[in-house]
Protein chains: 2
Amino acid sequence: MTDDPPLRADARHNRDKILAAAEDIFLERGAAVSMNEVARHAGVGIGTLYRRFPTREDLLAAAYSDRFAAFAEGMRLRAEEADPLSVLRTYLEELVRHTVVYRGFATSLGIVLKTGTAGCIATTAVGQRLLQTARDAGRVRADLGFDDLVCVATAISLTVEQGEGAPARIAHLVSVFMEGIAVRPPGPAAS
Amino acid sequence: MTDDPPLRADARHNRDKILAAAEDIFLERGAAVSMNEVARHAGVGIGTLYRRFPTREDLLAAAYSDRFAAFAEGMRLRAEEADPLSVLRTYLEELVRHTVVYRGFATSLGIVLKTGTAGCIATTAVGQRLLQTARDAGRVRADLGFDDLVCVATAISLTVEQGEGAPARIAHLVSVFMEGIAVRPPGPAAS
DNA sequence: TAGGTAAGTGGAGCAACTCTCCACTTACAG
DNA sequence: CTGTAAGTGGAGAGTTGCTCCACTTACCTA
């Protein structure tokens, strides 16, 4: 969409330093770490940081871009699988798994996905496509939107973060969302 | 649990002023408003506010206590109704409805419910009881805990907040979680 | 009714944060 | 080599959350 003018060599170098430092420090101290600290850790001035990444979400999105791009590509390859519900479940589980990599990232997920980073665009696009496929196959309620999926991923990430044992809990909560709370009435088992 | 010593008359009066101001200002500006502003609006010093409510969650919980207490009492009266699923659905809907009263409260719901306020204790207790009843009747997944319900309520509150038209959307999302995302296999319609 | 005292008060002040602005520096095209 | 547009860093303004403590006051006791 926006093809920004190419960066000068020194600027590009600083950008890389910032991203490397952000990755480090977000992993270690969570996504709410102060911008000053990121700048100091990267060895650049605070002004430089803000010039390149005007908001925290921009920085988070950039730091996540590769991760999200790889995730989206992986899901794209599975998009044509036989069972669209199972692919959708995997998508949700993975999205949460990536979200909880940085502690405190969950609350920003919705905003970050809208920043327009390559990885975020790809993640959104493939998610919408998986949902559409499942909907077309009549396997998913017609009134379910992609925003609902993001909402669910956010909530699960939030609880997983502030609770203890993670991976099993993610699968469990995704399953609650997929299968519902109520027990299915015992009918003829359809495939 | 903790039966704190009774407050002096002036302290009690200030506490009431703070709660009234908090209610006002949370309604108008959301749950993230600054503590300074709450104190100013209440006409007390910031020190007084912090002495009485050491954390924002404590203040939120206190401001919500009456609301939650009334809600819990209402649900308690319906606990013996014939259909435990329908009561549980109502519980979820109401919990969300109360949560979205203050914009930005959703993310704190889990923490606030654990603060030990009378209303919060009652709300938790009645929710656990409704869930237990539904579980005993085999109408709800056996692996579903109260924390999961809170997680669901958080998720719904989050999307409702940032979306538009509210009450229908709440009912819709609650239904998504109650019945699941997947379309039911077309079988003989069980009641 | 007075007086001692523990409880309560308010706000100055500190530390930490976000973000802007601009005087200086530097890469690079011509 | 040089002009200049792009880039830099950090001082500083404006907000917060929260503490601390010199003062004030309600309430018990005699």
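Since the model is a prediction, treat every value here as computed from it, not as a measurement.

Engineer: I keep staring at the environment of B:Arg56 and nothing clicks. Help me out?
Structural biologist: All names here are of chain B. When you line up the elements, Arg 56 lands in helix α4 (residues 56–77). Given a relative accessible area of 25%, Arg 56 falls into the partly exposed group. For the pair Arg 56 and Glu 23, spaced 33 residues apart in the sequence, the C-alpha separation amounts to 13 Å.

Engineer: It is not clear to me how the domain arrangement of chain A should be interpreted in this structure. Could you clarify?
Structural biologist: Residues and elements named next belong to chain A. Looking at chain A, the domain boundaries give domain 1 (7–54) and domain 2 (55–179). Put simply, the middle of domain 1 and the middle of domain 2, counted by C-alpha atoms, are 26 Å apart. Facing the 18 residues of domain 1 at the interface are 13 residues of domain 2. Carbon and sulfur atoms supply 64% of the area buried between domain 1 and domain 2, which totals about 1,200 Å² over both sides. Applying the counting rule to domain 1 against domain 2 returns one salt bridge. Across the pair Arg 67 and Glu 23 runs a salt bridge, and its minimum N-O distance is 3.0 Å.

Engineer: What is the right way to look at the protein's contact with DNA strand D in this model?
Structural biologist: The environment of DNA strand D is made up of 21 residues, and the closest members are A:Arg8, A:Asn14, A:Thr48, A:Arg51 and B:Arg56. A:Gly47 is positioned such that a nitrogen or oxygen atom in its backbone is 3.4 Å from a base oxygen of DNA strand D. Measuring from a phosphate oxygen of DNA strand D, one finds a backbone N or O atom of B:Ala9 at 3.0 Å. Counting residues per element, the surface near DNA strand D draws most heavily on helix α3 (residues 46–52) of chain A, at five residues.

Each value, and the rule that gives it
- Residues numbered from 1 in each chain as written.
- Chains lettered and ligands numbered in written order.
- Predicted model: local features only at pLDDT ≥ 70, side-chain atom pairs only at ≥ 80, totals over all residues.
- Heavy atoms only, no water.
- Helix = DSSP H or I, 4+ residues; strand = E, 2+ residues; numbered from the N terminus.
- Buried < 20%, exposed > 50% of the residue type's maximum accessible area, 1.4 Å probe, protein only.
- Domains from an automatic or database assignment.
- Contact = heavy atoms within 4.5 Å.
- Buried area = accessible area lost by both parts, 1.4 Å probe.
- Salt bridge = Lys/Arg side-chain N within 4 Å of Asp/Glu carboxyl O.
- Near = heavy atom within 4 Å.
- Polar contact = N/O pair within 3.5 Å; in protein donor to acceptor, adjacent residues only side chain to side chain.

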